[in-house]
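Here are the chains, one letter per residue:
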Amino acid sequence: MSVWKRSTIWQWISALLLFFMLREWLLPLQELTDTGVLWPFLVIVAGVLVIDVAIPHRWATLPLKVLGLLWLLHATLFDAPLFATDWLAELYRHIVHDLPLAFRQDWGAMSILSRNALFDTMLLVLITMLTYLVLEQRQGLWFVFLTELYLAVLDTFLPYDASAGIVRTLIFGFLLLSVSHLMRMTSMATVTEKRSRILFGSLLASLLVIMISVGIGYAAPKKAASWPDPIAFLLGSGMEGSPAVMKKVGYDNNDERLGGPFQQDNTLVFTATTNERSYWRGDSKDVYTGVGWEKGEREYEAILDPQNYEWKNELFRGLETKKVEATLQFNGPQQFATVFYPGQLNKMSNYAPPNATVVYDKQNQQLEVRAGKINLIRATGENGRKEYGPNTLLLKLNQYKLDAEVPIVSEKAVIAAGTDYPDEIKERYLQLPANLPPRVKELAQSVTKNAKTPYEKVRAIENYLRTSGKYKYETKDVPVAAEGQDFVDHFLFESMRGYCDHFSTSMAVMLRSLDIPTRWVKGFAPGQRVGSDEKNRDIMEVRNKDAHSWVEVYFPGYGWIPFEATSTFVSPVRFNYDLRTSQPQLPIPVPDLGNQTSPDRGDGRFDRLEEGDAIPQKRFSIPWQVNVALLGVAAGAGFLAWRRRKEIQIWWLRRQIDLDKSNKYTDRFNLLLRVMERVYTRRQSGETLREYASRITIPADKRQDLRYLTEMYERTVYGYKELEQKARSVAEQLIERLLRQLKP
Amino acid sequence: MNPIKLEQMHPAIAKLIDNIEKVLIGKRSVIEMMVAAVLANGHVLLEDVPGVGKTMLVRALAKSIGGEFKRIQFTPDLLPTDVTGVAIFNQQTMQFEFRQGPLFANVILADEINRTSPKTQSALLEAMEERSVTVDGATYRLADPFFVMATQNPLEYEGTFPLPEAQLDRFLMQLRLGYPTVEEEMRMLSRFSEVNPLAQLEPVMTATDLVQLQKEAASVKVSEGVKEYIVRLCHRTRDHHHIYLGVSPRGSLALYKAVQALAFVRGRDYVIPDDVKELVPVVFAHRMIVKPEARLEGATVDRVLTVILAETRVPVS
C-alpha cells in the first residue's frame, strides 16, 4: 500500500505537530498565572485534534466535542456521579448566573465553575477553528509565526524563559509546514511521480534543513542581548530580589547580597563642580557576611544645624592635604539621602531644601539627610552611647556645597605606620566570617610573602587583583556563587570575573585575613569631565554607571586611606611616591586622571579595556589551540572517511568475501552484488538482476561475466538447482576476476 | 532486453518460431508471447491497425502446427449460429444434422470482434472459455489445441460494441504488433515480391506435439518468491488509488500460466522475475480500468503498471 494513498497518516502527523505547538501556548499559563494544572487544557487540545482528524463527518464532531467538554468539566470540578443530572443542573445555574458578569468583564465575581466552563468552551472553539485552518486549509505559516511571536513576547516582557520553547516551536512548526506542503504536493502530483521514495526523500530533505538551521542557530556565536532585561530597561529601575535577576547599576543601600550580572545605565545622577577629581564617598560597611556587606553596631550623631557644623579629621590625619571645594547638583531622576563627598568632609553648606538635618554615622562617616527635627528614640548600650533610629523621613537634597580635603599620601609615612592598631579598630575591622575558606588566607599570604609592612602588603594585594591578569572585569556574564558558597572564594578561585564589588570585597577580605584593618567603601567614581567653570574648576557629570566600590585601609596614626582594587579603574587618590626618591621636594605626582574620565569609564562598563584581558577561564584546562587542533583533525578524518566511504565499504565487503571461501554460491553472489552496488549504482528494489546487469555502465566483457553469474544465480534461486562442480568453479573464478577489476 | 538466441530455446519451439519468422519479420517478442499464449492454452486479443500482419501471424502459426485455420469476419449482422454452427433438418434422413461453424478448427482468427452484436460476442467468448459449443441442447467439443486470436480496431468507434471487461478477462494476453522498422519493411518487400512465403510454409509439428508441449510448459517451476511477486503485483493493482478495477484472481492465474509458458519458450524450466515483468503489461492491461478522475490527471493503465512494477520489490534471493 502506498504512503501516497494513506494521506491520513500525514493528517495524524500534522495533528501531532499541531498539538505540540499548542502545548507551547499553554505551558506558560502554569508559570505565569495561577493556573494549577494544565492537563484539562491539554486534554481539550488533544481531544479536538483527535475528533477532527478521526471523524470524517463534520456534523458529528460538534456533539462529540461538547460531550467531551462536559465529561472534562465533570472530571475536574464535580464529585457527583457522571450519570446524574444534578451536576448538570448546577452547571446550568452557574452559567446562567455568571454569563452577564462575563459580558461586563467582571471576572472576579464569577464562580470557578463557570469561568472554567467558559474558558474551556473558548479553547474548544479556537482550536476547532485552528485545526480547520491549519490541517484542512493548510495555512500553517501564520500560526507558526504567531506562536513564535507569542513566546518571544512572553520571554521578553515576563519572567518566563521560553528559549527552549522557541527552538521547539521552530522545529515543530517547520515540520508542520513541510508535512502540509507534502500533502498538497501529493494531491497535485501525477501518477508517475508518486513514488514513496520521492515523498520520503522530500520529507527527509526538509528535516535536514530544519536540523541544520536549528543546529547552526544553536551553535553559532550570538551577540549578547543589548537589552538583557528590557522590562528593567523600560521601567528604568533596578530590580531587587534574587541575585540571579539582572540588576541595574547604581548606588544602592542594600549590599547584603553581592554579585550577579549588571546592566549598563547611563542615567545622570549629579553634576559636580570641583577643583579636584576624587572618589565621591558615600558610605562604608564593616561586616562581611560571606555573601555581602552589612553595617555593624553604629553610633549616630544628630546634627541639627549642618550648615554650621564642622567635621574634623574624621577619616585621616597627619597627612598633607589639599583643600577641595565642590558643589553637587542633583537634576536626575534619582536623589539620595546620603551625602557624597570627596576626601574627608569639613563643612557642608548651601543645601536645598534648607530644612535638612543630618544623621551622622560616626563609625562609617556617612551623612544621611533627614527632614526636620530628629527624635532621640533610645539611649542604650554599655557605654551609654546614644543611638538614633532612622524614624524620621529621609530627605533627598537637590544640591549642596562641600568643603573637604583630599589626602596627599606620603608612602614614606604610611610604610612606617606599623601595626599598632587601637583595640576598637581591631575588634571592628578584622572581622571575617567563621566559614571563610582557608585558601583565601593562603592566597593572601602567598601574594604578600615578600612584603614586610602592611602598606607593602596592601600594595601587593592591590597589584595582584588589578594587574595579575587572572581576574577579568565583567558585568554581564557574571556567575553567581552557589548557595552557601563564600562570595570572595567563588570570585578568587572559580569565576574569576566580576566588577568592582568583587574586586573591592576580595581585597578587603584578603587584607583582613592578614590582620590589616580594612573596610569596604561605596560611592561614585569621579565621573566624566564635561567642561570647566570660570574659576577653571572641572564640571563633572556623574552617572549611574559611575557607581563604584573600593576599600579603605587603616594605618595607625594616619587613619583610613583609600585603595583601588578594580582592574579597570585608576585610583584618584594622590600618592607621594617618596620612598624611591631622595628628593621629597619634587612635585607630587598627580594620578593621571586625564583619560580616566573617558565616556566608557564608570562603574567600569568599560568594554574596550577588556579586549586585552582575554585570559583563560580555567587554569588547568587544555589550551583552546589544542582543542581546535584536535577538533580539526577529527573533522578532517571524518571528512576523509566520508569522501572515501565507498572505498571503505568495498574494502570491508571484499574482506568478508575473502574470509569465507566455503560460502554458498548465492551468498557470494550477493556479496559481489553489494560491491557492484557500491562501485556503480544501487539496484532499485523493483529491478531484476538482469535489468540491473544491463543498466549499469561497465565494459562489455565484465557485463558478460556478470550476466553469466546472474544466470547461474537465477538457476539456483528460482530453479532450485545445485550448480555442478565445473560451473561452480567457473563462477568462482569469474567472481574473483570481477572483484579484482572493480575500482570505485 | 536482448532477444534470446534460438539455440537456447526448446528445440521444437525454436523450429516453430523460426518457421513463423519466415513470414513475419522483426516481431520476435510478439511471436514468442503468442507462442507462449498457445502453450498456456490461452487466447490472444490483438489490438492494432489493419495491415500490420495479424492474419499473417495467425495463419503462419496454424500452418506451422499443421492445424486447421478458420477466419471469422465479425459484422453487425453476424448471428451466434454463424459462429458456432447450426442444426439443419436433413430431409433424406428426416433428422436434424449439426453443421459445424467456423469455431471448429485449431486456430481461429476472430477479426474485428467489436463490430458484432454482444450476443454473438458472448457466444464466441463462451466457446473460448468452455472449449465446447452447445447448440439446441447438444454439446459439441471443440478441437484440441484450440487457439483464438481476436482483433479489435482501436481507431473506429462508430457502430461498435466494445467488449465488456468481464469478457476481456477471457483473453490471456492483449498484444500489439506495431509497425515494422524501415529495415524490416524493406526485407519484407523483397521477400514477398517473388512468392508468397506463407504458401511455402511447412508444418514443423503436429497438433499432438503441441498438446505435449503444453503439458511440459505447465510443469515449469515457479519459486515461492516469484509466486509471491505475482500475487503482490496483482494486489497492488487492486489497491492502487488510480485504479477503479484491479486484476482478478483469474488474472493472477493467467499471469502464472503465461510466465510458465514464456519461461518454457525461452528454454528454461524455471521462471525468473524478468519473465513476470515482461508479461505483466500484456496480461494485466486489458483487465484493469483507470478511474476517470485519474485519467484526467494523465494516468493510463500502462503508466500505472510501470509505476507498480518499479515499486514492487523483486525477489532476488
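On a predicted model such as this, the values are computed, not experimentally measured, just so you know. (Residues numbered from 1 in each chain as written. Chains lettered and ligands numbered in written order. Predicted model: local features only at pLDDT ≥ 70, side-chain atom pairs only at ≥ 80, totals over all residues.)

Draft legend 1. Main features of the overall build of chain B. Looking only at helices and strands, chain B features 14 helices and 11 strands. Counting every position in chain B, which comprises 317 residues, the buried fraction comes to 44%. Long-range pairs, those at least 24 residues apart, make up 78% of the contacts in chain B between residues at least 6 apart in sequence. (Helix = DSSP H or I, 4+ residues; strand = E, 2+ residues; numbered from the N terminus. Buried ≥ 20, exposed ≤ 12 C-beta atoms within 10 Å, placed from the backbone. Contact = placed C-beta atoms within 7 Å.)

Draft legend 2. Inspection of the overall build of chain A at higher detail. Scanning chain A from terminus to terminus reveals 22 helices and 22 strands. In chain A, which comprises 744 residues, the share counted as buried stands at 33%. A separation threshold of at least 6 residues defines the contact pool for chain A, and within that pool the share at least 24 residues apart is 71%.

Draft legend 3. Seen up close, the interface of chain A and chain B. Counting residues at the interface gives 21 residues for chain A, matched by 28 residues for chain B. When residues of the side of chain A that touches chain B are traced back to their parent elements, those giving at least two are α19 (665-679), α20 (689-695) and α21 (700-717) of chain A. Residues belonging to the side of chain A that touches chain B are distributed by class as follows: 6 nonpolar, 9 polar and 6 charged. (Nonpolar A, V, L, I, M, F, W, Y, C, P; charged D, E, K, R; others polar.)

Draft legend 4. Geometry of the packing of helix α18 (residues 645-659) of chain A against α19 of chain A. Residue and element names in this part refer to chain A. Remark: α18 packs on α19, axes separated minimally by 9 Å, with the N-to-C direction vectors making an angle of 165°. Between α18 and α19, the interaxial angle falls into the category roughly antiparallel. Of the two possible hands of crossing, α18 and α19 adopt the one that is left-handed. For the pair formed by α18 and α19, the contact residues are Lys646, Gln649, Ile650, Leu653, Arg654, Gln656 and Ile657 on the first element and Arg668, Leu671, Arg674, Val675, Arg678 and Val679 on the second. Of the residues contributing to the contact of α18 with α19, the split by class is 6 nonpolar, 2 polar and 5 charged. (Axes fitted to C-alpha atoms, helices over the stretch in contact; angles between N-to-C directions. Parallel < 35°, antiparallel > 145°, perpendicular 65-115°, else oblique. Left-handed = near helix turned anticlockwise from the far one by under 90°.)

Draft legend 5. Just the packing of helix α3 (residues 58-77) of chain A against helix α5 (residues 112-136) of chain A, in detail. Residue and element names in this part refer to chain A. At a minimum axis separation of 11 Å, α3 and α5 run at an interaxial angle of 145°. The two elements α3 and α5 meet at a crossing, and its hand is right-handed. Between α3, through Lys65, Leu69, Leu72, Leu73 and Leu77, and α5, the contact on the second element is made entirely by Leu113, Asn116, Ala117, Asp120, Thr121 and Leu124. Classifying every residue of the contact of α3 with α5 gives 7 nonpolar, 2 polar and 2 charged.

Draft legend 6. Seen up close, the nonpolar core. Met34 and Ala258 of chain B are the most contacted members of the largest nonpolar core, which totals 114 residues. Take this core: its biggest share by element is 10 residues, from helix α11 (residues 249-265) of chain B. Excluding residues within four positions of it along the chain, Ala258 of chain B makes contact with Ala36, Ala37, Ala40, Gly42, Leu172, Met173, Leu279 and Val283 of chain B. By size, the runner-up hydrophobic cluster in this structure holds 83 residues, among which are Leu319, Tyr429, Leu443 and Leu465 of chain A. (Core = buried A, V, L, I, M, F, W, Y, C linked by C-beta atoms within 7 Å.)

Draft legend 7. The arrangement of helix α15 (residues 500-513) of chain A in detail. All names here are of chain A. The terminal C-alpha atoms of α15, which comprises 14 residues, lie 20 Å apart, in line with the 20 Å expected from a rise of 1.5 Å per residue. Summarising burial for α15: 14 of the 14 residues are buried, a large majority. Asp515 occupies a position one or two residues after α15 and carries a positive phi of about 65°. (Expected span 1.5 Å × (residues − 1).)

Draft legend 8. Inspection of the sheet that holds strand β1 (residues 44-47) of chain B at higher detail. Residues and elements named next belong to chain B. Strands sit in the order β2-β5-β8-β1-β9 across an open sheet of 5 strands; the sheet is parallel. With partners counted over all chains shown, the strands left at the sheet margins are β2 (69-73) and β9 (173-175), one partner each. Pairwise comparison of adjacent strand axes, ignoring direction, gives a mean angle of 20° for this sheet. Direction of pairing for strand β5 (residues 107-111) relative to strand β8 (residues 147-152): parallel, over a ladder of 4 bridges. Bridging across to β8, Ala110 finds its partner in Ala150. (Pairing = 2+ DSSP bridges.)

Draft legend 9. Here's a closer look at the UniProt feature "transmembrane region" (unreviewed entry) in chain A. Residue and element names in this part refer to chain A. Summarizing the sequence annotation, UniProt attributes the feature "transmembrane region" (unreviewed entry) to residues 9-26, 38-55, 62-84, 117-135, 142-160, 166-186 and 198-220 in the numbering used throughout. Taken end to end, residues 38-55 is 89% helix and 0% strand, and its first and last C-alpha atoms sit 26 Å apart. End-to-end, the C-alpha atoms of residues 117-135 are 26 Å apart, and along that stretch the chain is 100% helix and 0% strand. (UniProt positions renumbered as here; feature names shortened; annotations may be inferred.)

Draft legend 10. Seen up close, the pairing of strand β4 (residues 95-100) of chain B. Alignment of strand β3 (residues 85-90) of chain B against β4 of chain B, held across 6 bridges, turns out to be antiparallel. Looking at β4 of chain B, one finds that Gly85 of chain B is bridged to Gln100 of chain B.

Draft legend 11. Quick peek at unusual backbone geometry. Residue and element names in this part refer to chain B. Cis geometry marks the peptide bond from Asp144 to Pro145, where omega comes out at -5°. Relative to the helices and strands, Pro145 is located in the loop between β7 (138-141) and β8. Even without being glycine, Arg131 reaches a positive phi, approximately 60°. Checked against the element boundaries, Arg131 lands in the loop between α5 (118-130) and β6 (132-135).

Draft legend 12. Spotlight on the environment of Val38 of chain B. Residues and elements named next belong to chain B. Looking at where Val38 falls in the secondary structure, it is placed in helix α2 (residues 28-39). Overall, the presence of 27 C-beta atoms within 10 Å leaves Val38 in the buried class. Remark: the alpha-carbon pair of Val38 and Gln214, spanning 176 residues in sequence, is separated by 7.9 Å.

Draft legend 13. Main features of α19 of chain A. Compared with an ideal rise of 1.5 Å per residue, which puts 15 residues at 21 Å, α19 of chain A spans 21 Å between its outermost C-alpha atoms and is within 8% of the ideal. Within α19 of chain A the residues assigned to the buried category are Tyr665, Arg668, Phe669, Leu672, Leu673, Val675, Met676 and Arg678 of chain A.

Draft legend 14. Quick look at the environment of Glu148 of chain A. Residue and element names in this part refer to chain A. For Glu148, the position within the fold is in helix α6 (residues 141-157). Owing to 18 C-beta atoms within 10 Å, Glu148 belongs among the partly exposed residues under this scheme. Through-space distance from the C-alpha of Glu148 to that of Glu24 is 9.6 Å; in sequence the pair is 124 residues apart. With near-sequence residues (within four places) excluded, Glu148 lies in contact with Ile166 and Thr169.

Draft legend 15. Up close: the sheet that holds strand β17 (residues 518-524) of chain A. Residues and elements named next belong to chain A. Spatially, β4-β17-β20-β21 is the arrangement adopted by the 4 strands of the open sheet, whose pairing is antiparallel. In the strand order of this sheet, the two ends are held by β4 (280-285) and β21 (559-563), each with one partner. The sheet shows a mean angle of 35° between the axes of neighbouring strands, direction not considered. Note: strand β20 (residues 547-555) against β21, 5 bridges, orientation antiparallel. Bridge pairing in β21 links Glu552 to Pro562. Docked against the sheet, α15 engages β17 and β20, running at close to 15° with respect to β20.

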